[in-house]
Amino acid sequence: MAALDAVVVGSGPNGLAAAVALARAGASVLVLEGDDEIGGGTRTAELTLPGFHHDVCSAVHPMGILSPFFRELGLSDHGLTWIRPPASVAHPLDDGDAVLLYRSVERTGEGLGADARAWSRLVGPFLDEPHRLLEDLLAPLRVPGSPLRMLRFGLRAAFSANRLARLWFRGERARALFAGCAGHSILPLGQPGTAALGLIFSFTAHVEDWPVARGGSHAIARALASLLESLGGRIETGVRVERLVDLPESRAVLFDTSPDQLARIAGDALPAGYRRRLARYRYGPGVFKLDWALDGPIPWRDPRCLEASTVHVGGSLEEIAASERDMYRGRHADRPYLILCQQSDFDDTRAPAGRRTGYAYCHVPHGSSLDRTQAVEAQVERFAPGFRDRILARHATPASAFQRYNPNYVGGAITGGVADVFQLFTRPVARLDPYSTPNPRLYLCSASTPPGGGVHGMCGYWAARSVLKRL
Ligand SMILES: Cc1cc2nc3c(=O)[nH]c(=O)nc-3n(C[C@H](O)[C@H](O)[C@H](O)COP(=O)(O)OP(=O)(O)OC[C@H]3O[C@@H](n4cnc5c(N)ncnc54)[C@H](O)[C@@H]3O)c2cc1C
């Protein structure tokens, strides 16, 4: 058999995106997936009771719907339907109504009191031609296509989320809303640069309502796989790659894996110095996740919370900052900040009629095996009294179990490694072309390369471009 152009190890969204980008350029591609099912972080399973379909990892996809690569693929022709909720985010507070993040800046401002204009001034500059800005943000370090836009973004993004929120807003509501968005960074909110993710998540909500994938997040992987196969690419599941020599002959190998697996599998095919640099890669904190089968919608004190695909549960900026500071210092927060998703409120395929699925996770120290069920449910109960009475069944996944589920989640870290200012663009190591390695046949294409975690496929896309240059 003639040698393949490329073998991709792993079928997460980045592995599949890389394979699609290569196949579209006419390359012959084989994807090898260790699990019995494709998808990596985009799988859906009946984790609790029959008929309740839970997203095992990713749930809500602002970066998926806005991904410059996915947008040009026509994934709807391959079965992917994005369902848009009325609001992207709800942020319940103890004393008063929840804050809602709507597509409309004006409508969002109505819930922010005196900070309405400040919110508009914060996100407004990024809303003319947002897709051009996203092309620069979801890319490796390079001369930006829109330098002025990027400069403007960078001047705000360089702040810590904590500082930007305090400087920019006067009231608790806008500060909390911004902190909830910045909390996705899995970094302490006092760290410089953490405003970046707060800004990205805030302005993208005004471009697209953060959607869920109809049927479950696995629809994203299945659409990519269907497209790949239509282009002549092949996928084999149940093939865990342990050594380079076991791979079929190919001109390039792309690893949709963690850097430590790349080093281990490639072994002597990579110089010892490069492997030592990979070994210094920082993975960061993990997550503890709960999935629930519920006998109805979550009884939020403010029922408008049911309009949002994502609910940031954690109260004020100060509280969220304390939670994230604790977990980064290796402590389990007493009142953890939660990212809670309500897919079944918008997608009736997820649960039996009248019932709901529930999904929430909090950040925990690296490798934690602690069961945080009590703390997580207490936080939901705080803003939705009677929530516990709705629970029919639950499924808990501590950080340590996430690594067993997917070896890419080292220590339970879910986004491919720490994305602070030191490691965001130098992932996995500082290198002009971060996807390439010193071995011209081997590449990394996972979330441990720029632009980092999330279901957008851009790491895979850029890795494929690097491969195509050499092929
Ligand atoms: C709990 C949780 C919630 C999340 N929520 C969201 C969200 O709401 N929105 C969002 O955009 N992102 C979310 N993410 C992050 C997102 O899932 C990841 O950033 C994304 O899946 C990374 O894609 P990837 O292709 O780089 O790697 P993965 O998705 O991790 O895929 C890697 C694949 O490679 C396979 N593999 C690994 N090693 C080998 C080997 N040696 N041989 C063969 N196969 C191998 C694995 O089995 C896996 O299928 C979440 C993640 C988790 C865990």
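In this text, all values refer to a predicted model and were calculated from it rather than measured experimentally. (Residues numbered from 1 in each chain as written. Predicted model: local features only at pLDDT ≥ 70, side-chain atom pairs only at ≥ 80, totals over all residues. Heavy atoms only, no water.)

A. Examining the overall build of the chain more closely. Of the regular secondary structure elements, the chain holds 17 helices and 16 strands. Reported as C-alpha extents along the three principal axes, the dimensions of the chain are approximately 65 × 50 × 40 Å. In the chain, which comprises 471 residues, the share counted as buried stands at 62%. Summarising the internal contacts of the chain: among those between residues at least 6 apart in sequence, 76% fall at separations of at least 24. Taking the average place of the 52 positive charges on the side chains of the chain and the average place of its 48 negative ones, the gap between the two points comes to 6 Å. (Helix = DSSP H or I, 4+ residues; strand = E, 2+ residues; numbered from the N terminus. Buried < 20%, exposed > 50% of the residue type's maximum accessible area, 1.4 Å probe, protein only. Contact = heavy atoms within 4.5 Å. Lys, Arg positive; Asp, Glu negative; His and termini not counted. Charge placed at Lys NZ, Arg CZ, Asp CG, Glu CD.)

B. Spatial organisation of the packing of aromatic side chains. Enumeration over the complete set of coordinates arrives at 10 aromatic pairs. With a centroid separation of 4.9 Å and 35° between ring planes, the pair formed by F69 and Y461 is classed as tilted. Separated by 392 residues along the polypeptide, F69 in helix α3 (residues 68–71) and Y461 in helix α17 (residues 458–470) bring together distant segments of the chain. Neither F69 nor Y461 differs from the other in exposure class; each is buried. Considering the side-chain rings of Y461 and W462, the 5.2 Å spacing of their centres and the 75° angle between planes classify their relative orientation as edge-to-face. Accessibility assignment for this pair places Y461 and W462 in one class, buried. Against the face of Y102 rests R107, its NZ or CZ located 3.8 Å from the ring centre. (Phe/Tyr/Trp six-rings, centres within 6.5 Å; stacked < 30°, edge-to-face > 60°. Lys NZ or Arg CZ within 6 Å of the ring centre and 35° of its normal.)

C. Fine view of the sheet that holds strand β14 (residues 356–364). Read across the sheet, 7 strands follow the order β7-β6-β12-β13-β14-β11-β15 without closing on themselves; strand pairing throughout is mixed. Either end of the sheet is taken by a strand with one partner, and the two such strands are β7 (99–102) and β15 (391–397). Between one strand axis and the next, the sheet turns through 20° on average, direction left out of account. Across 4 bridges, strand β13 (residues 338–341) lies against β14 in antiparallel orientation. Note on β14: the bridge partner recorded for I339 is Y361. (Pairing = 2+ DSSP bridges. Axes fitted to C-alpha atoms, helices over the stretch in contact; angles between N-to-C directions.)

D. Summary view of the nonpolar core. Ranked by size, the top nonpolar core spans 102 residues in total, and within it F69, F70, W119, F153, F178, F203 and L254 carry the most contacts. Aside from chain neighbours lying at most four places away, what touches F69 is A17, V20, A21, R24, G457, M458 and Y461. With 27 residues, the next largest nonpolar core counts A98, W300, V311 and A399 among its residues. (Core = buried A, V, L, I, M, F, W, Y, C linked by side-chain atoms within 4.5 Å.)

E. Structural view of the packing of helix α8 (residues 161–168) against helix α14 (residues 317–328). At a closest axis distance of 11 Å, the pairing of α8 and α14 adopts a crossing angle of 170°. With respect to α14, the axis of α8 lies roughly antiparallel. Along the contact surface, α8 presents N162, A165 and R166, while α14 presents L317, E318 and A321. Here the contact of α8 with α14 is built from residues that sort into 3 nonpolar, 1 polar and 2 charged. (Parallel < 35°, antiparallel > 145°, perpendicular 65-115°, else oblique. Nonpolar A, V, L, I, M, F, W, Y, C, P; charged D, E, K, R; others polar.)

F. View of the packing of helix α6 (residues 130–137) against helix α10 (residues 195–204). In the contact formed by α6 and α10, the axes pass within 12 Å of each other and the chain directions differ by 150°. The angle between α6 and α10 falls in the class roughly antiparallel. In the packing of α6 onto α10, the handedness of the crossing is left-handed. Residues P130, L133, L134 and L137 of α6 pack against I200, F203 and T204 of α10. Looking at the contact of α6 with α10 residue by residue, the classes come out as 6 nonpolar, 1 polar and no charged. (Left-handed = near helix turned anticlockwise from the far one by under 90°.)

G. Focus on the pairing of strand β11 (residues 286–294). Counting buried residues along β11, 9 of its 9 residues qualify, which places the element largely inside the surrounding structure. The two faces of β11 match: G286, F288, L290, W292 and L294 on one face and V287, K289, D291 and A293 on the other face are all buried. Note that β11 and β14 share 9 bridges and pair antiparallel. Counted as the bridge partner of A293 is T357 from β14. Both β11 and β15 contribute to a ladder of 6 bridges, which runs antiparallel. Looking across to β15, one finds that L290 is bridged to A396.

H. How the structure looks around the side chain of E33. Relative to the assigned elements, E33 resides in the loop between β2 (29–32) and β3 (44–45). Side chain to side chain, E33 and S11 meet in a polar contact 2.8 Å long. Looking at E33, its side chain comes within polar contact range of the side chain of R43, at 3.5 Å. Setting aside its immediate chain neighbours within four residues, E33 contacts G10, S11, G12, I38, R43, E236, T237, G238 and V239. (Polar contact = N/O pair within 3.5 Å; in protein donor to acceptor, adjacent residues only side chain to side chain.)

I. Representation of a nonpolar patch on the surface in the model. A cluster of nonpolar side chains, namely L148, L151 and L155, defines an oily patch on the protein surface of about 350 Å² accessible area. For L148, the position within the fold is in helix α7 (residues 147–157). (Patch = residues over 30% accessible without salt bridge, like charges linked within 9 Å, V, L, I, M, F, W, Y side chains within 5 Å. Areas by Shrake-Rupley, 256 points an atom, 1.4 Å probe, with all protein chains shown as cover. Salt bridge = Lys/Arg side-chain N within 4 Å of Asp/Glu carboxyl O.)

J. Representation of the site of the ligand in the model. In the vicinity of the ligand lie 39 residues, with E33, G41, N406, G454 and V455 positioned nearest. Between the ligand and P13 there is a distance of 3.3 Å, counted from an oxygen atom to a backbone nitrogen or oxygen. One of the backbone N or O atoms of V455 is found 2.8 Å from an oxygen atom in the ligand. Here the ligand, which alone exposes 1000 Å², has 96% of that area covered by the protein. If you list the elements that add at least two residues to the shell around the ligand, you get α1 (13–24), α12 (259–266) and β14. In terms of residue count, the dominant contributor to the shell around the ligand is α1 (3 residues). Among the residues making up the shell around the ligand, the classes are represented as 17 nonpolar, 17 polar and 5 charged. (Near = heavy atom within 4 Å.)

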